[in-house]
Amino acid sequence: MKIPLAKPNPARLSESISRLRQMEDRAIFSNFGPLSVSFEKNLVSQMFGGLGACLTVCNATVALMLAIREALDSRPPSRRRYALMPSFTFAAAAQAAKWNRLTPLFCDIDRSTFCACETEERRMLERYGHDIAVVVPYAAFGYDIDLSRYERIQQHYDIPVVVDAAASLGTISSNGLGFGAGFSGAVVYSMHVTKSFATSEGGLIHSGNSRRIETLRCMSNFGFGEPRSATLMGLNGKMSEVAALLADLRLESFEAVMKRRTELVALYRRLLPNLSWQHQVPTRQAHQFASFLLPAELAQHRETIRSEMSRTGVASGTYFSPHVAQQEYFQANSKCGPLPVTDNVASRILSLPLFDTMSDDEVVEVADAVNSALSIVTESVAFTGNFASLDFREVERAGVA
Ligand SMILES: *Cc1c(COP(=O)(O)O)cnc(C)c1O
C-alpha cells in the first residue's frame, strides 16, 4: 500500500547506543530499574503537573487488569458483577473485566464525541447500580472526556472508576495538563507502537492518589509488599528497562511528534470540511488515526469505498467495527443496554492514515482518494437525491451532549 494506515516510528535504539551500553553496564534489566523509575518521574513532572504518581507496566491490557482488581479490592467484598463501559472501543477493557470475573455491561455512546453518553450512563447506573462493581469509561481516540463527571460518579454511587485512556498520552485537557492528571482513580494509557506515544509494548497507570500507585506497583510485582513476600494479589506486569529506554526517548521527542500529528489532522479537516469528524477537543488531542463517519446512506457501501481507496494505494481502517458487543466471545459473555448510537457509529466509522512522518502531500492524496471513492459510490449505487444533500456534518451540528 502506497499510504499505509500507520507507519510505526518508535525512537531508534540503534541511534542511542551509548544509553543502551550504560544499561548493559549497569546490568539492571527490569524490576523498576533506573530507566523505568526516571521515566515515571519525568512523566509526572512533564505531563501531569507534578500531581500524584505513575507506574510503568508491560502493556495497557495488563494495566487494566491490575487497575480493575485494585479498584475491586479497595472496597469491602461484594457480589457486584458488572463492569459498566462503552462498547465502541477495543476489546481490552472488556477482557480485563472478564479476567476479574466481571461481566461487561455496555452502555451507549454520544454521537459527536464517540465516548460514553452521559444520559445513558446515568440511566444504567440508576438501573444496575447495586450490581456495578466498576465503571470503565473510554476516552475515545484520545478525546478529552470530562473526568470531573467520573469523580462525581465515584462519590455519588460509591463505585470506583478506572479510565481506559489507551490512546490519550499526548492529549491536553482544559486545565493545560496531560489528560488524566490528578484523577483520583486509575487512568490507564498504552505505549503500544500503534499509539501516538509509540514504543514497542508498554503501558502506564497514572493516579492523583500516590498510595493507589504504590499498591498497584506491589500488585504488578507478584503482590510483593515486602521483599519476596506476597502481601497482596499480584502478577508480573513490570516494564523492562529496554522498553523504558524506548519510552524515555519517545518522551524527549514527543512535543515535535504531537505538533506534527496535530497539523496533519488539521489539514485533513481543512481538505475534507464536509465530513462528520469527531467533535474537536479545544486543547490538543492525541490522534491515533483520522476518523470520520460516512453519511448513514453510505454505511452499507463502506467496503466498496475502502476498496476504491485501496485501488489508489490508500489504506483505511474501521476502528471500532465490529464494536465489542458484536464480537463473538462477548455476544455470549456480556450484557448490553440499548446501543443504537454505537451500532450506527460503528457501521459508519472510517479511519484514515496518520503517522509521524506523513507529508502534507500524502494527506492531500488521501483526501483525493476519499473524495473520488465517495463520488464513485454515490453515482454507482443509484443513490436517491444528490451528493450535496448527504448529511456529512451531523456530528458538528449535534454538538457535545
Ligand atoms: C491499544 C488499546 C488497548 C490495549 O493497549 P495494549 O498496550 O496494547 O495492551 C486498550 N484499550 C484501547 C482502547 C486501545 O486502543
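A few points on the structure. Residue positions are given per chain, counted from 1 along the sequence in the order it is written. With the structure being a predicted model, the display of local features is reserved for residues of pLDDT at least 70 and the display and counting of side-chain atom pairs for 80 or more, all residues being used for whole-chain, interface and lining totals. To obtain the side-chain values, all non-hydrogen atoms of the structure were used and water was disregarded.

### Quick notes on the pairing of strand β3 (residues 103-107)
When a strand is regular, its side chains alternate between the sheet's two faces. Burial within β3 is extensive, with four of its five residues counted as buried. When DSSP locates at least two bridges between a pair of strands, those strands are taken to pair. Strands here mean DSSP runs of E at least two residues long; helices mean DSSP runs of H or I at least four residues long; both are numbered from the N terminus. Both strand β2 (residues 82-86) and β3 contribute to a ladder of five bridges, which runs parallel. Counted as the bridge partner of leucine 84 is leucine 105 from β3. Crossover handedness is defined here as right-handed if the route from the first strand over the helix to the second strand goes clockwise, with the strands pointing away from the viewer. For the segment spanning β2, helix α4 (residues 92-99) and β3, crossover handedness is right-handed. Here β3 pairs with strand β12 (residues 335-336) via two bridges, running parallel. Counted as the bridge partner of phenylalanine 106 is cysteine 336 from β12. To sort residues, take the accessible area from a 1.4 Å probe on protein chains only and compare it with the maximum for the residue type: under 20% means buried, over 50% means exposed, and anything in between is partly exposed.

### Notes on the packing of helix α3 (residues 60-73) against α4
Fitting a line to C-alpha atoms yields each axis, with helices limited to the stretch in contact; the angle taken between N-to-C directions then spans 0 to 180 degrees. It is the contact of α3 with α4, at a shortest axis distance of 9 Å, that shows an interaxial angle of 45°. On the basis of their axis angle, the class for α3 and α4 is oblique. Judged by the sense of rotation from one axis to the other, the crossing of α3 with α4 is right-handed. Along the contact surface, α3 presents Thr61, Leu64, Met65 and Ile68, while α4 presents Ala92, Ala93, Ala96, Ala97 and Trp99. The classification used treats Ala, Val, Leu, Ile, Met, Phe, Trp, Tyr, Cys and Pro as nonpolar, Asp, Glu, Lys and Arg as charged, and all other residues, Gly among them, as polar. Tallied by class, the residues present in the contact of α3 with α4 amount to eight nonpolar, one polar and no charged. Every angle not falling under 35 degrees, over 145, or within 65 to 115 is termed oblique; those three ranges are roughly parallel, roughly antiparallel and roughly perpendicular. For any pair of crossing helices, the crossing counts as left-handed if the nearer helix is rotated counterclockwise from the farther one by less than a right angle, and right-handed if it is rotated clockwise. Residue contacts are defined here by distance: any two heavy atoms, one from each residue, within 4.5 Å place the two residues in contact.

### Some words on the sheet that holds β12
Across the sheet, which stays open at both edges, the four strands sit in the order β4-β2-β3-β12 with parallel pairing between neighbours. Taken across any chain shown, the strands that pair with only one partner, and hence form the sheet edges, are β4 (132-135) and β12. Summarising the sheet, β2 and β4 pair through three bridges and their orientation is parallel. Bridge pairing in β4 links alanine 83 to valine 134.

### Structural notes on the environment of glutamine 326
Turning to its location among the elements, glutamine 326 is positioned in the loop between α9 (302-311) and α10 (328-332). Along the chain, glutamine 326 and serine 87 lie 239 residues apart, while their C-alpha atoms are 8.6 Å from each other. Setting aside anything within four residues of it in sequence, one finds glutamine 326 in contact with Gln331 and Asp343.

### What about the environment of aspartate 368?
Residue position: aspartate 368 is located in helix α12 (residues 360-380). Here the alpha-carbon distance between aspartate 368 and valine 188, two residues 180 residues apart in the chain, equals 36 Å.

### Thoughts on α4
One turn of the α-helix equals 3.6 residues, which is why residues spaced by three or four share an orientation. Considered for burial, the residues of α4 that qualify are Ala92, Ala93, Ala94, Ala96 and Ala97. Looking at the buried positions of α4, the neighbouring elements they touch are α3, β2, β3, β5 (162-164) and α10. Two residues or fewer past α4, arginine 101 is found with a positive phi of approximately 60°.

### Observations regarding the site of the ligand
Working definition: residue near molecule or strand if any one of its non-hydrogen atoms lies within 4 Å of it. Close to the ligand lie 13 residues; Ala60, Thr61, Asp164, Ser190 and Lys195 are nearest. Counting of polar contacts relies on pairs of N or O atoms within 3.5 Å, with two restrictions inside protein: one atom must be capable of donating a hydrogen and the other of accepting it, and residues adjacent in sequence are counted only when both atoms are side-chain atoms. A distance of 2.7 Å separates an oxygen atom of the ligand from a polar atom in the side chain of serine 190. Side-chain polar atom of lysine 195 to an oxygen atom of the ligand: 3.0 Å apart, as the coordinates give it. Contact with the protein chains removes 92% of the 380 Å² of surface that the ligand exposes when unbound. Here the residues of the shell around the ligand are counted per class, giving five nonpolar, six polar and two charged. A 1.4 Å probe and the Shrake-Rupley method give the accessible areas. Residues count as covered only by the protein chains that appear here.

### Things to note about the packing of aromatic side chains
Any pair of Phe, Tyr and Trp rings, taking the six-membered ring for Trp, is counted once the centres come within 6.5 Å. Such a pair is stacked with planes under 30 degrees apart, edge-to-face with planes over 60 apart, and tilted for the rest. The full count for this structure, using the stated rule, is 16 aromatic pairs. With a centroid separation of 6.3 Å and 90° between ring planes, the pair formed by phenylalanine 114 and phenylalanine 141 is classed as edge-to-face. Here phenylalanine 141 lies in the loop between β4 and α6 (147-157) and phenylalanine 114 lies in the loop between β3 and α5 (118-128), a separation of 27 residues in the sequence. Both residues of the pair, phenylalanine 114 and phenylalanine 141, belong to the buried class.

### A short note on the sheet that holds strand β13 (residues 349-352)
The three strands lie next to each other as β10-β11-β13, forming an open sheet whose pairing is antiparallel. Two strands close off the open sheet at either side, each with one partner strand: β10 (276-277) and β13. Where strand β11 (residues 290-293) and β13 come together, four bridges link them in antiparallel fashion. When the bridges of β13 are listed, alanine 290 appears paired with leucine 352.

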